[in-house]
Amino acid sequence: MGIRQEQREQRRWQILRYALDLFVRQGYQETTISQIAEAASMSTGLMFHYFPSKEDLYLALVSIGVEGANAPKELTADEPLAYFRSLLTGLFSFTENEPWVPQLFILMARAQREGAPPAVRERALSVDQIAYSARIIQHGQEMGIMRQADPNALSRTFWAAVQGAMEQWASHPEMDAPDPEWLLGILIDR
């Protein structure tokens, strides 16, 4: 990648970060392109060279969220507890280095259920961590190491706890990462 292309990518990422912050703080509907451009210290016209519309910008952020949500599927799920432990450890470690990650959790939740443009909402809803995690939980139940309950309900509870932790982290960036074992306690048969 040439220097110009690298600079363009850095600038694009900077715009995404400012937009993410504004979308989370103000909401999609209340955030304007001019506010994002101002936050990124650029003209509105220049910003349109990077993103043709506010919806395209929102869709780019949701696509990053979808990519991140699908990343755990690359982990081996043969050992259910190790899978969830690795997922949480990796997520919390990444979040400590990249403070925008909790905001992305908030943005994804909003894009799935609020007045997001149809294409954005459809993309956000393409993530189904609940069903994927439920299959791993069911495997753990068959092994006798996961709590015996409805795997879908356990998966929803687990992901609701992760979402809640990330929302707290977004509101209180100074907080320490939760101990993964706390969240694993939702799943483990004791």
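You'll find the structure just up there.
Residues numbered from 1 in each chain as written. Predicted model: local features only at pLDDT ≥ 70, side-chain atom pairs only at ≥ 80, totals over all residues. Heavy atoms only, no water.

Chemist: Describe the overall build of the chain, and please don't skip the residues or the numbers.
Modeler: Along the chain, the regular secondary structure elements total 10 helices and zero strands. C-alpha extents for the chain along the principal axes are approximately 60 × 35 × 30 Å. Counting every position in the chain, which comprises 190 residues, the buried fraction comes to 43%. The long-range share in the chain, meaning contacts at least 24 apart out of those at least 6 apart in sequence, stands at 68%. When the accessible area of the chain is evaluated, it comes to approximately 10300 Å², of which 50% is carbon and sulfur surface. (Helix = DSSP H or I, 4+ residues; strand = E, 2+ residues; numbered from the N terminus. Buried < 20%, exposed > 50% of the residue type's maximum accessible area, 1.4 Å probe, protein only. Contact = heavy atoms within 4.5 Å. Areas by Shrake-Rupley, 256 points an atom, 1.4 Å probe, with all protein chains shown as cover.)

Chemist: Kindly report on the pattern of salt bridges, identifying the contributing residues and their values.
Modeler: Applying the stated criterion to the full structure yields two salt bridges. Put simply, Asp21 and Arg25 hold a salt bridge, and the shortest N to O gap is 2.8 Å. Of this pair, Asp21 and Arg25 both sit in helix 1 (residues 3–26), four residues apart, which is roughly one turn of that helix. We classify Asp21 as partly exposed; its relative accessible area is 23%. (Salt bridge = Lys/Arg side-chain N within 4 Å of Asp/Glu carboxyl O.)

Chemist: Would you mind going over the packing of aromatic side chains in detail, with residue names and values included?
Modeler: All told, the structure shown has 10 aromatic pairs when counted by the stated rule. Ring centres of Tyr83 and Phe84 lie 5.0 Å apart, and the angle between their planes is 85°; on these two criteria the pair is classed as edge-to-face. You can call Tyr83 buried: its relative accessible area is 1%. Their ring planes at 65° and their centres at 6.2 Å tell us that Tyr83 and Tyr132 sit as a pair that is edge-to-face. (Phe/Tyr/Trp six-rings, centres within 6.5 Å; stacked < 30°, edge-to-face > 60°.)

Chemist: I'd like a rundown of the nonpolar core, residues and numbers included.
Modeler: Ranked by internal contacts, the top residues of the largest apolar core, which has 58 residues, are Ile15, Leu57, Phe84, Leu107 and Val162. If near-sequence neighbours (up to four positions away) are discounted, Val162 is found in contact with Leu88, Leu91, Phe105 and Leu183. (Core = buried A, V, L, I, M, F, W, Y, C linked by side-chain atoms within 4.5 Å.)

Chemist: Provide a residue-level description of the packing of helix 4 (residues 54–70) against helix 6 (residues 101–113), including the pertinent values.
Modeler: Interaxial distance between helix 4 and helix 6 falls to 10 Å at its minimum, and their mutual angle equals 110°. What the angle tells us is that helix 4 and helix 6 run roughly perpendicular. Facing Tyr58, Leu61, Val62, Ile64, Gly65 and Val66 of helix 4, the residues of helix 6 in contact are Leu104, Leu107, Met108, Arg110 and Ala111. Tallied by class, residues from the contact of helix 4 with helix 6 come to nine nonpolar, one polar and one charged. (Axes fitted to C-alpha atoms, helices over the stretch in contact; angles between N-to-C directions. Parallel < 35°, antiparallel > 145°, perpendicular 65-115°, else oblique. Nonpolar A, V, L, I, M, F, W, Y, C, P; charged D, E, K, R; others polar.)

Chemist: Which residues make up the environment of Ala160, and what values do they have?
Modeler: Along the chain, Ala160 falls in helix 9 (residues 151–171). Residues Ala160 and Ile136, 24 residues apart in the sequence, show an inter-C-alpha distance of 17 Å.

Chemist: Outline helix 5 (residues 80–97), supporting the account with residue identities and numerical values.
Modeler: Taking 1.5 Å of rise per residue, the 18 residues of helix 5 would be expected to cover 26 Å, and the 26 Å separating its terminal C-alpha atoms lies within 8% of that figure. Packing partners of the buried residues in helix 5 comprise helix 6, helix 8 (129–143), helix 9 and helix 10 (180–184). (Expected span 1.5 Å × (residues − 1).)

Chemist: Could you give me a rundown of the side chain of Gln103, with the residues and numbers involved?
Modeler: Along the chain, Gln103 turns up in helix 6. Aside from chain neighbours lying at most four places away, what touches Gln103 is Leu20, Asp21, Val24 and Ala170.

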